[in-house]
Amino acid sequence: MTEDRSAPAGDALARVEAAVRDSGLDPRGAFHPRPQDAVPPLADGRPTLTLVLLGNAGPRMWDAFAPTRTFGPHPLDHWTREVVTALAQRLGATPLFPFDGPPHHPFQRWAMRAGPVHPSPLGILVHPELGLWHAYRAALALGEHLPLPPRASTASPCDACADRPCLSACPVGAFAPEGFDPAACGDWLARPRGERCMHDGCAARLACPVGRDRRYAPAQMRFHMAAFARAVDRS
């Protein structure tokens, strides 16, 4: 990242986050990598000193992506790569993506280092305010040790959720304490009875009481369900 000598060092992260927002994505936290975090070096071989995660935590991404949407395979991945690569070039960063691989980068592990998210019974990360309505789309690896705010300790909202409605809401019981059954889910979505899930969204995800006011818009919900159904069908 090119240094701006007119601004205090503490503003460096704020400048990166502002650039992320301008790109149509949301900053999703940052951390200073340790060897066990498996963060790769920069493209020029220097070590990554700060990793900034990017994703969606509201309508910003969908509002930016939807008007440019193409209908080829993986349109959101294509848009994300294009936008984040251009952003990384402006910031002097190396872009990293969860859809590259194998081997795949451990984005869930990185997310738990970067912000207040926790594993949920559905296998995806839950946020104390956003619930399950957020995602991680990319990361920026920086060669500068940016000053970061202290991480506040948060409890998982799932710890206080005795009923766990997410595990009982699926019409085919695809979610269970021992794991997720993608074949059962995919078979249901391919049948006429699965049309409601395809249209309204995953019943298990919708059952989570956290972040209900942050649910995706109907068009975004249908887009992600269709992408998931295609992925399951190919597996």
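Structure: see above.
Residues numbered from 1 in each chain as written. Predicted model: local features only at pLDDT ≥ 70, side-chain atom pairs only at ≥ 80, totals over all residues. Heavy atoms only, no water.

Before going further, it helps to spend a moment on the overall build of the protein. In terms of regular secondary structure, the protein is built from eight helices and eight strands. Computed over its C-alpha atoms, the radius of gyration of the protein comes to 19 Å, within 12% of the 18 Å expected for a compact globule of 235 residues. Along the first, second and third principal axes, the C-alpha set of the protein runs to 60 × 40 × 30 Å. Burial statistics for the protein: of 235 residues in total, 43% are counted as buried. Taking the contacts inside the protein whose residues are at least 6 apart along the sequence as the reference set, 69% of them involve residues at least 24 apart. Here the protein displays about 12,300 Å² of accessible surface, and carbon together with sulfur accounts for 56% of that area. Of the side-chain charges in the protein, 25 are positive and 23 negative, and the distance between the mean point of each set is 2 Å. (Helix = DSSP H or I, 4+ residues; strand = E, 2+ residues; numbered from the N terminus. Rg over C-alpha atoms; globule rule 2.2 N^0.38 Å. Buried < 20%, exposed > 50% of the residue type's maximum accessible area, 1.4 Å probe, protein only. Contact = heavy atoms within 4.5 Å. Areas by Shrake-Rupley, 256 points an atom, 1.4 Å probe, with all protein chains shown as cover. Lys, Arg positive; Asp, Glu negative; His and termini not counted. Charge placed at Lys NZ, Arg CZ, Asp CG, Glu CD.)

Note on placement: Thr 48 falls in the loop between strand E1 (26-31) and strand E2 (50-56). Under the relative-accessibility criterion, Thr 48 is labelled buried at 9%. Within the structure, the side chain of Thr 48 is placed 2.7 Å from the backbone oxygen of Pro 40, a separation counted as a polar contact. Those residues in contact with Thr 48 that lie beyond four places of it in its chain are Pro 33, Val 39, Pro 40, Pro 41, Leu 42, Ala 141 and Leu 142. (Polar contact = N/O pair within 3.5 Å; in protein donor to acceptor, adjacent residues only side chain to side chain.)

One can find His 224 in helix H8 (residues 218-234). Not counting residues within four places of it along the chain, the set of residues in contact with His 224 comprises Leu 76, Arg 137 and Tyr 216.

It is worth spelling out the sheet that holds E2 at this point. Read from one edge of the open sheet, four strands run E1-E2-E6-E3, paired in antiparallel fashion. The open sheet has two edge strands with one neighbour each: E1 and strand E3 (94-96). Strand-to-strand twist in this sheet, taken as the mean axis angle between neighbours without regard to direction, amounts to 25°. Of the strands in this sheet, E1, E2 and strand E6 (135-142) are in contact with helix H1 (residues 12-23), which crosses E1 at around 150°. Of the strands in this sheet, E2, E3 and E6 touch helix H3 (residues 75-91), which is tilted by about 25° from E6. (Pairing = 2+ DSSP bridges. Axes fitted to C-alpha atoms, helices over the stretch in contact; angles between N-to-C directions.)

Taking 1.5 Å as the rise per residue, H3 with 17 residues should run 24 Å; its terminal C-alpha atoms sit 24 Å apart, in good agreement. Of the residues one or two after H3, Gly 92 is the one with positive phi, at around 70°. (Expected span 1.5 Å × (residues − 1).)

This part is about the pattern of salt bridges. Under the criterion given, the structure shown has seven salt bridges. Where Arg 34 meets Asp 37, a salt bridge forms, and the shortest distance between an N and an O atom there is 3.2 Å. With a relative accessible area of 39%, Arg 34 lands in the partly exposed category. A cluster of three or more residues bridged by salt bridges with shared partners is formed by Arg 34, Asp 37 and Arg 113. (Salt bridge = Lys/Arg side-chain N within 4 Å of Asp/Glu carboxyl O.)

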